[in-house]
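Summary of structural features
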Amino acid sequence: MLDDMKLYAQKDPSDALGVAAAQWEQTQYDARIDHPGHDGRTLTRIVVAGMGGSALAALLAKSWLERELPVQIEVVRTYELPQYVDAQTLVICSSYSGNTEEILTAYKDASARGAQIAIIAAGGALMDIAKAQHIAAVTLPSGVQPRMAMLYNLRALIKIFVHFGQVDDTYYQQIAQYDTWLQQESAAWVSDITTDKNIAKQLALFSVGKTPVFYAGHLMSPVAYKWKISWNENAKNVAFYNELPEFNHNEFMGWASHPVEKPYAVVDLVSEFEHERIQKRFEVSDRLLSGRRPKAHIVRLQGDTPLAQMLWGCILADFVSIYVAVLNGVDPTPVKLIEKFKLEMAQ
């Protein structure tokens, strides 16, 4: 079915597959900072306020750099900032639309506390504030769904880290070095590559009609979260995720008491860069749960560094979930119910 090219004109009218195939180009995005002046204060913490796809880049950056950043980084996905936020905290307000109410509230909170503020958005109220208050800001390219702008956002975020002296420019450049490789990998997942040679289509067929549960180790847990996001918004399909080793302390038992014929698709996102004990946990977990849950489909993340595997896994998530959307008979691009919810909340 997924090899019928006529299907995509009907089920993917906005060409979400084309957007996914072009995501590698975002690695070359020139994230320029407007209003770059700052007072050079000492910063002891970083807080990134963002929701959904706008938080994803921060979660990836935290996992990628948590053992290299000189300061603590926290990702806040609600209205209120932690009590410790003060003048020595860099608060990065990230909202693709620039109008996310939680992030606008977080901005007001950060401003009231005298924090060092930076903004990432494609426009909206946040960019109006940045211009009026001369706040350091990166304007993202507009025109794509926030979940498909993750690489734009990651480039912008790392550029801000560099600007405020938290990492050197090599980290920003590392993202760009994977452009050609990601282009080549993505080319193997496009619609005109037949199912027998296309792992994205194979994974879609494996999981369609079921509720997927994505597992990753601690390092790659944001990638599992990305797969969940992609299923929710592209495929309009409920999905869940968890990370090891925490999984083995609770959810592991949740698979133990019912027949194996459960309506789930289990996907293990495995990386050789995870702690060796986490890698063993995947093997032991799958063995002990044999016959108690559906057999896990193992996706071995590709790439020569943790960053490469994160980017590879995130782009693959979009391809697979878009194919699931096609199989589900839904348009992968719009998120009408979310937009309706926002309108209801604005009243």
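Here goes a summary of the coordinates provided. The numbering scheme is per chain: residues are counted from 1 as the chain's sequence reads. Only residues with pLDDT of at least 70 are given local features in this predicted model, and only at 80 or more are side-chain atom pairs given and counted; all residues enter the totals for whole chains, interfaces and linings. Heavy atoms from the whole structure form the basis of all side-chain values; hydrogens and water molecules are not counted.

A few words on the pattern of salt bridges. Every case where a carboxyl oxygen of Asp or Glu lies within 4 Å of a side-chain nitrogen of Lys or Arg is listed as a salt bridge. Applying the stated rule across the entire model yields 6 salt bridges. Arg-147 serves as the salt-bridge partner of Glu-233, at 3.3 Å between the closest nitrogen and oxygen. Of the two residues, Glu-233 is situated in helix H10 (residues 221-233) and Arg-147 in the loop between strand E6 (136-139) and helix H6 (150-163); the sequence distance between them amounts to 86 residues. In this structure, Glu-233 and Arg-147 share a single accessibility class: buried. Numbered from the N terminus, helices here are DSSP runs of H or I no shorter than four residues, and strands are runs of E no shorter than two. For every residue, the accessible area (1.4 Å probe, protein chains only) is compared with the maximum for its type, and the residue is labelled buried under 20%, exposed over 50%, or partly exposed between those bounds.

Turning next to the sheet that holds strand E7 (residues 211-217). Note on pairing: DSSP must find at least two bridges between two strands before they are called paired. Read from one edge of the open sheet, 4 strands run E8-E7-E9-E10, paired in parallel fashion. On the outer flanks of this sheet lie strand E8 (240-244) and strand E10 (297-300), each paired with one strand and no other. Looking at each pair of strands side by side, their axes are set apart by 25° on average, direction ignored. Looking at chain direction, E7 and E8 are connected through 5 bridges and run parallel. Note that in E8 the partner of Tyr-215 across the bridge is Asn-242. Only the stretch in contact is used when fitting a helix axis, every axis being a line fitted to C-alpha atoms; angles between N-to-C directions are given from 0 to 180 degrees.

Right, let's talk about the pairing of strand E4 (residues 89-95) for a bit. A large share of E4 lies buried, amounting to 7 of its 7 residues. Residues Thr-89, Val-91, Cys-93 and Ser-95 of E4 are buried on one face, and the alternating residues Leu-90, Ile-92 and Ser-94, pointing to the opposite face, are buried as well. The sheet contact formed by strand E2 (residues 45-49) and E4 spans 5 bridges and is parallel. Of the residues in E4, the one forming a bridge with Val-47 is Val-91.

By convention, a stacked pair of Phe, Tyr or Trp rings (six-membered ring in the case of Trp) has centres within 6.5 Å and planes under 30 degrees apart, an edge-to-face pair has planes over 60 apart, and any other such pair is tilted. Evaluated as defined, the whole model comprises 13 aromatic pairs. Pairing Tyr-29 with Tyr-152 gives two aromatic rings, centres 5.2 Å apart and planes at 75°, and the pair type is edge-to-face. Here the residue Tyr-29 occupies a position in the loop between helix H2 (16-21) and strand E1 (33-34), and Tyr-152 occupies one in helix H6, the gap between them amounting to 123 residues. The class for Tyr-29 is buried, based on a relative accessible area of 12%. Between Trp-255 and Tyr-264, the ring centres sit 5.4 Å apart and the planes meet at 85°, which makes this aromatic pair edge-to-face. These aromatic residues form a ring-pair network of at least three members: Trp-189, Trp-312 and Phe-319. Arg-155 extends its terminal NZ or CZ atom over the ring of Tyr-172, reaching a point 3.7 Å from the ring centre. Whether a charge sits over a ring comes down to the Lys NZ or Arg CZ being within 6 Å of the ring centre and within 35 degrees of the ring normal.

Here 6 strands make up an open sheet; going across it, the order is E1-E6-E5-E4-E2-E3 and the pairing mixed. The open sheet has two free edges, formed respectively by E1 and strand E3 (72-76), since each of these has just one partner strand. Examined bridge by bridge, strand E5 (residues 116-121) and E6 share 4 bridges and lie parallel to one another. Looking at E6, one finds that Ile-120 is bridged to Val-138. Contacting E2, E3 and E4, helix H3 (residues 53-65) crosses the sheet at an angle of about 155° to E3. Residues count as neighbours in contact if any of their non-hydrogen atoms are within 4.5 Å of one another.

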